[in-house]
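Next come the chains, spelled out residue by residue.
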Amino acid sequence: QVQLVESGGGLVQPGGSLRLSCAASGNIYSVNAMGWYRQAPGKQRELVATISGGGTTNYADSVKGRFTISRDNAKNTVYLQMNSLKPEDTAVYYCNADLWTPAGYGMDYWGKGTLVTVSS
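Residues numbered from 1 in each chain as written. Predicted model: local features only at pLDDT ≥ 70, side-chain atom pairs only at ≥ 80, totals over all residues. Heavy atoms only, no water.

*Asks:* Could you clarify how one ought to interpret the sheet that holds strand β7 (residues 67-72) in this entry?
*Replies:* In a beta sheet, neighbouring strands pair by backbone hydrogen bonds and run either parallel or antiparallel. Taken together, 4 strands build an open sheet; the order of strands is β1-β3-β8-β7 and the sheet is antiparallel. A strand with exactly one partner marks an edge of an open sheet, and here the two such strands are β1 (3-7) and β7. Pairwise comparison of adjacent strand axes, ignoring direction, gives a mean angle of 15° for this sheet. Of the pairings in the sheet, the one linking strand β3 (residues 18-25) to strand β8 (residues 77-82) comprises 6 bridges and is antiparallel in character. Bridging from a neighbouring strand, Leu20 pairs with Leu80 of β8. (Pairing = 2+ DSSP bridges. Helix = DSSP H or I, 4+ residues; strand = E, 2+ residues; numbered from the N terminus. Axes fitted to C-alpha atoms, helices over the stretch in contact; angles between N-to-C directions.)

Listed below in structure tokens is the structure:
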């Protein structure tokens, strides 16, 4: 069974940092693009950052210069380093991955989410 498991969320003060991790496990042939999305209370889920299999990154304007996405292909893991956090970054952060599995190529998987709260 393929699954994505996030970790690293929590409570942090404004201006602080957190690092999120997401590991893909199970019967996976290859991991293509990976990314992070977030959903704040009362709002729609939005893209935070993505990284292609070749390492090309893309960021939402609201996090550029503060967040960094990276990946470890050997571990099928994607990271999100979040610096200079603001209260408006408070949300549930979801990991997303485009996987090649026995179910097919280009299968879209989501983690269950990890809560990030930025508050003093």
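*Asks:* In this structure, what is going on with the packing of aromatic side chains? I would like to understand it.
*Replies:* The relative placement of two aromatic rings is captured by the distance of their centres and the angle of their planes. Counted under the stated rule, the structure contains 3 aromatic pairs. Between Tyr29 and Trp100 the ring centres are 5.3 Å apart and the planes differ by 80°, which places this aromatic pair in the edge-to-face class. Highlighted residues: Tyr29 in the loop between β3 and β4 (30-39) and Trp100 in strand β9 (residues 91-101), separated in sequence by 71 residues. Aromatic pair Tyr37 and Trp110: ring centres 5.0 Å apart, planes at 65°, arrangement edge-to-face. (Phe/Tyr/Trp six-rings, centres within 6.5 Å; stacked < 30°, edge-to-face > 60°.)

*Asks:* How should the pattern of salt bridges be read in this particular structure?
*Replies:* According to the stated counting rule, one finds 4 salt bridges in the structure shown. Here Glu46 makes a salt bridge to Arg38, at a shortest N to O gap of 2.7 Å. Residue classification places Arg38 among the buried residues on the basis of a relative accessible area of 6%. With a closest N to O distance of 3.0 Å, Arg38 and Asp89 form a salt bridge. Taken together, the residues Arg38 in strand β4 and Asp89 in the loop between β8 and β9 connect sequence positions 51 residues apart. Within the structure, one salt-bridge network assembled from shared partners comprises Arg38, Glu46, Arg66 and Asp89. (Salt bridge = Lys/Arg side-chain N within 4 Å of Asp/Glu carboxyl O. Buried < 20%, exposed > 50% of the residue type's maximum accessible area, 1.4 Å probe, protein only.)

*Asks:* Could you clarify how one ought to interpret unusual backbone geometry in this entry?
*Replies:* Most peptide bonds adopt trans geometry, and most residues besides glycine take a negative phi value. Positive phi values are uncommon outside glycine, yet Asn76 reaches one of about 50°. Structurally, Asn76 is set in the loop between β7 and β8. Judged by relative accessible area, Asn76 falls into the partly exposed class, the value being 24%. We note that Ser84 has phi near 50°; this positive angle belongs to a residue other than glycine. Structurally, Ser84 is set in the loop between β8 and β9.

*Asks:* Looking at this structure, I do not really get the layout of surface pockets. What am I missing?
*Replies:* A probe matching the size of a water molecule, rolled over the atoms, marks out where space remains unfilled. Counted as a void, the largest pocket has a volume near 150 Å³. Considering only residue class, the lining of the largest pocket consists of 3 nonpolar, 4 polar and 5 charged. (1 Å grid on protein atoms, 1.4 Å probe; cavity = no way out; pocket = protein on both sides within 12 Å on 5 of 7 lines; lining within 4 Å. Points joined across faces, edges and corners; volume = space filled by probe spheres on them. Nonpolar A, V, L, I, M, F, W, Y, C, P; charged D, E, K, R; others polar.)

*Asks:* What is the right way to read the side chain of Thr77 from this model?
*Replies:* Within the secondary structure layout, Thr77 lies in strand β8. The exposure class of Thr77 is buried, given its relative accessible area of 7%. Polar side-chain contacts of Thr77 include one of 2.9 Å to the backbone oxygen of Lys75. (Polar contact = N/O pair within 3.5 Å; in protein donor to acceptor, adjacent residues only side chain to side chain.)

By themselves these figures say nothing about function.
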